Amino acid sequence: MSAFRQAVTTLSAYRKTEDHLTRKTLSGAVVTVLGVLAAFTLFVYEASNYKGKRVVQEMVVDDARGETLKARLDVSTLAIPCSILTVNTLDQSGDFNFNLHANLVKHVLDPQGAPTGAVHQPLESEKAAFALGIEAPMFLTENDQTRIKGEIARGEGCRVVGDIVLQKLSGKFHISSNALMLQMLVEAYEGLTHMNTSHVIHQVALGDPYPGSVNPLDRYRRITSSPGSFKYFLNVVPTEYFPSSGKTIHTFQYSVTEYFTSFHDDQAVKLPGIHFKYDMSAIAVKLREQKVGFLHFLTRMCATIGGAFALTSMANSWVDRITSGFR
């Protein structure tokens, strides 16, 4: 038995040094403490990564057809009342929708841009047009004109909140003044150059939200004293988010650039507005949540902690060489 034990003992890679041949030093204690702190910090970091999830991105050609895109709007015009604002859409197929009102709510704002608590009610002429299935009235009643002029004189604004459905094609949607009211607006504003398109974009989101999603236009303010139209060009990328558990989220993300057209620069612009022009990317993005496997986590832990103590051992040797020269 003793011979077998002796044979097995020869395989040991960790030979012990006699206690009387070792020496404890202050520098060694300092390096040891620093090594333990480093190993513990790395352990906490790796443990947090193991508990969390990482997202792997993949880019593919977008081959989906016939889909729709839901846009969430929450925009305030600070100096244009609700009665003269319309939400319109136009896409590459030629599908044009004027004066959308389903799923949209207009909140009345005071001259300081604060909500009054009132919700905009359609004009008399709009109610009659909606009853006939017409998108917008062809004329305004005298009561409507009086009401609109009063809202303009009081300096009311409007916050438009709601969803619109778009075809998955390049196109545009915009919030602008009603072109059918052009002559009356010229009279009420004493010229269109007195109209102000200052606005706050509380939210413009395309599709459903997903973990880590960002909307570049959220909480964006543009205050101007020059008449004109704001144009936002959106590059829209179809996105699929695959969570580690649960239902896949089909959505969109976008980047944006901005351009302002002044009435003085482009005389063809008749009415002020806030325009969002979007182009669909031919490339789609797939985002997949992945959890770190336990064996992978264990391997990283061994490598991390072992590496920390290997470095502290090297540091201790360097410190001993340096300090021995001063003794």
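This text goes with the structure placed above it.
Just so it is clear, the model here is predicted, and its values are computed rather than measured. (Residues numbered from 1 in each chain as written. Predicted model: local features only at pLDDT ≥ 70, side-chain atom pairs only at ≥ 80, totals over all residues. Heavy atoms only, no water.)

Engineer: Provide a residue-level description of the pairing of strand S12 (residues 249-262), including the pertinent values.
Structural biologist: Pairing analysis gives 14 bridges linking strand S11 (residues 228-242) to S12, with the strands arranged antiparallel. Each residue of the ladder has a partner; that of Tyr232, found in S12, is Glu258. What sits between S11 and S12 in their antiparallel hairpin is a turn of 6 residues, with Gly246 showing a positive phi close to 110°. (Pairing = 2+ DSSP bridges. Helix = DSSP H or I, 4+ residues; strand = E, 2+ residues; numbered from the N terminus.)

Engineer: Describe the packing of aromatic side chains, with residues and values.
Structural biologist: Given two aromatic rings, their pairing is described by the distance between the two centres and the angle made by the two planes. Throughout the structure, instances matching the rule amount to 7 aromatic pairs. Seen in terms of ring centroids, Tyr220 and Tyr232 are 6.1 Å apart; in terms of plane orientation they differ by 85°. Their pairing is edge-to-face. With Tyr220 in strand S10 (residues 220-222) and Tyr232 in strand S11, the pair connects residues that are 12 residues apart, well separated along the chain. A connected cluster of aromatic rings, assembled from ring pairs, spans Phe173, Tyr220, Tyr232, Phe276 and Tyr278. In this arrangement the basic side chain of Arg288 is found over the ring face of Phe242, its NZ or CZ atom lying 4.3 Å from the centre. (Phe/Tyr/Trp six-rings, centres within 6.5 Å; stacked < 30°, edge-to-face > 60°. Lys NZ or Arg CZ within 6 Å of the ring centre and 35° of its normal.)

Engineer: So, empty space enclosed by the protein: which residues are in play, and what are the values?
Structural biologist: Enumeration over the complete set of coordinates arrives at 1 cavity of 30 Å³ or more. Empty space within the largest cavity amounts to approximately 40 Å³. Taken together, the residues of the lining of the largest cavity sort by class into 6 nonpolar, 1 polar and no charged. (1 Å grid on protein atoms, 1.4 Å probe; cavity = no way out; pocket = protein on both sides within 12 Å on 5 of 7 lines; lining within 4 Å. Points joined across faces, edges and corners; volume = space filled by probe spheres on them. Nonpolar A, V, L, I, M, F, W, Y, C, P; charged D, E, K, R; others polar.)

Engineer: Residues and numbers for helix H5 (residues 182-189), please.
Structural biologist: Taken as a whole, H5 has its buried residues at Met184, Leu185 and Tyr189. Projection of H5 onto a plane perpendicular to its axis shows the buried side chains occupying an angular sector of 115°, all on one side. Across H5 from its buried face, at more than 90 degrees, point the exposed residues Gln183 and Glu187. Summarising the contacts, the buried residues of H5 are in contact with helix H4 (142-154) and strand S8 (171-177). One or two positions beyond H5, positive phi appears at Glu190, with a value near 55°. (Buried < 20%, exposed > 50% of the residue type's maximum accessible area, 1.4 Å probe, protein only. Arc of directions from axis to C-beta. Contact = heavy atoms within 4.5 Å.)

Engineer: I'd like a rundown of the layout of surface pockets, residues and numbers included.
Structural biologist: Within this model, the largest pocket holds a volume of roughly 270 Å³. The wall of the largest pocket is formed by 21 residues, among which Glu67, Lys168, Thr239, Glu240 and His250 lie closest to the centre. A per-class count over the lining of the largest pocket returns 8 nonpolar, 5 polar and 8 charged.

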